[in-house]
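Summary of the model geometry
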Amino acid sequence: MPPELDASAAPPQFPSSLLDALRQARHVLVFTGAGVSAESGIPTFREALKGLWERFDPRELATPEAFQRDPALVWGWYEWRRMQIRHAEPNPGHRAIATLARHVAQLSLVTQNVDDLHERAGSTVIAHLHGQISKPICFNCGLPTFHPEDRPEEPEGGRRLEPPRCGTCGGAIRPGVVWFGEPLPTEDWSHAMEAARSADLVISVGTSNLVYPAAEIPELAARRGATLILVNPAATAMDPIARYTLQGPAGVILPALVAAAFPSLGA
Ligand code: BJW
Ligand code: ZN
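Below: a short report on this structure. This structure is a prediction, so every number in the text was calculated from the model and none was measured.

1. Here we look at unusual backbone geometry
Tyr212 connects to Pro213 through a cis peptide bond whose omega is 5°. You can see Pro213 is positioned in the loop between strand E7 (201-205) and helix H9 (216-223). Backbone geometry at Asn209 places phi at a positive 55°, although glycine is not the residue there. Under the relative-accessibility criterion, Asn209 is labelled buried at 3%.

Below is the structure:
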């Protein structure tokens with residue numbers, strides 16, 4: 001049974017074996033999911049249909065079939081989410097990852113998130129496995145060409161919004177994210193696999209670890225013998241193969257972990 005930590009008892013304490021592993025790691029892979037952005041006010045994927053959207057199932061909106069069936073519905077949902085991201089700020093969890101990168105020999109950051117909060121916290125992301133919400137493409141020809149004036153800066157909070165048209169072929173513009181049933185971007189996937197093959201320590205933060213093939217990344221690294229550390233307030237599918245499960249919000253656990261491992265440098 002891996003040691004578990006309770007973030008409600010502040011400040012969190014960490015086993016010395018975990019701190020030693022982090023200090024001695026040659027290559028740290030940080031793998032993040034929606035939970036790392038939750039404290040920035042971005043709902044997790046499974047929470048993203050609150051309020052106006054609560055009668056929909058996210059798994060039924062995040063598909064190419066849903067976009068083909070009702071492009072205005074799907075585009076409206078993504079524009080509403082894009083605006084939430086635009087108004088959000090990175091939180092202490094994002095910032096702790098950027099700080100950690102300056103203290104360890106090598107750090108590779110792989111995210112499933114479609115937001116840009118890691119970048120805005122000062123991190124370099126080597127792979128956005130599920131794309132980026134702010135980089136729309138044409139559903140028809142795949143090019144990032146559309147008339148920006150067709151895209152309102154601040155769309156109404158309403159439900160439906162006609163997508164802009166592609167400047168090259170006239171097709172409907174779609175969000176640049178990876179939907180269920182679609183392949184992951186090839187370069188991002190190969191960067192993530194390379195990191196999984198070489199990392200000796202993995203910190204998986206704020207993900208339910210349910211969506212494949214992304215969940216193969218921490219899994220593969222752990223099966224190769226890398227130390228797997230999970231940061232999540234809840235149990236996940238990856239708990240049985242984790243060396244340490246740090247139970248609590250990323251914005252509390254990660255800054256405390258970095259400060260405990262590297263006290264003289266400051267987090
Ligand atoms: C906190 C916190 C705090 C809260 N601090 N933590 C194997 C088995 C079965 C099925 C499959 C399989 N392989 C593939 C499939 C099918 C499918 C799949 O995985 N289905 C599963 C659901 C069963 N996969 C696919 O379809 C993928 N494509 C594919 O396989 O293509 C094959 C192909 C090859 C060649 C040609 C054609 C096809 C694509 C998957 C794309 C997923 N995309 C999404 C949507 C992106 C756009 C959008 O955002 O709308 O990506 S789905 C959604 O899930 C999103 C996320 O990135 C992803 C992961 O979710 P995440 O990050 O884990 O979030 P949550 O909400 O699930 O969890 C949040 C966690 O945070 C929780 O644990 C909380 O406790 C925690 N938390 N507060 C820390 N403060
Ligand atoms: Zn086009």
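Next comes the rest of the account.
2. Here we look at the environment of Arg174
Position of Arg174 among the secondary structure elements: in strand E6 (residues 173-177). Look at Arg174 and you get buried, because its relative accessible area is 6%. Taking C-alpha positions, Arg174 is 7.1 Å from Pro163, a pair spaced 11 residues apart along the chain.

3. Looking at the packing of aromatic side chains
Tallying each qualifying case throughout the model produces 4 aromatic pairs. When the centroid spacing of 5.1 Å and the interplanar angle of 40° are considered together, the rings of Phe67 and Phe139 count as tilted. Of this pair, Phe67 sits in helix H4 (residues 64-69) while Phe139 sits in the loop between strand E5 (131-138) and E6, and the two are 72 residues apart along the sequence. Given the relative accessible area of 27%, Phe139 is considered partly exposed. Residues Trp77 and Tyr78 carry aromatic rings whose centres are separated by 4.9 Å and whose planes lie at 65° to one another, so their mutual orientation is edge-to-face. For Trp77, a relative accessible area of 0% corresponds to the buried category. Classification of Tyr78 as buried rests on a relative accessible area of 4%.

4. Observations regarding the coordination of the zinc ion (ligand 2)
A metal bound by six donors in octahedral fashion has ideal angles of 90 or 180 degrees, whereas one bound by four tetrahedral donors has an ideal angle of 109.5 degrees. The coordination sphere of the zinc ion (ligand 2) contains the protein donors Cys138 (SG), Cys141 (SG), Cys166 (SG) and Cys169 (SG), at a distance range of 2.2 to 2.4 Å. For the zinc ion (ligand 2), the 4 donor atoms in the first shell make angles of 98 to 119° at the metal, so the coordination geometry reads as tetrahedral. Considered as a linear motif, the donors of the zinc ion (ligand 2) on their single chain read C-x2-C-x24-C-x2-C. Overall, the relative accessible area of 4% leaves Cys166 in the buried class. Here Cys169 falls in the partly exposed class, since its relative accessible area comes to 37%.

Parameters and conventions
Residues numbered from 1 in each chain as written. Chains lettered and ligands numbered in written order. Predicted model: local features only at pLDDT ≥ 70, side-chain atom pairs only at ≥ 80, totals over all residues. Heavy atoms only, no water. Helix = DSSP H or I, 4+ residues; strand = E, 2+ residues; numbered from the N terminus. Buried < 20%, exposed > 50% of the residue type's maximum accessible area, 1.4 Å probe, protein only. Phe/Tyr/Trp six-rings, centres within 6.5 Å; stacked < 30°, edge-to-face > 60°. Donors = N, O, S within 2.8 Å, 3.2 Å for Na, K, Ca; no water. Tetrahedral: all angles 85-135°; square planar, octahedral: opposite > 155°, others 65-115°.

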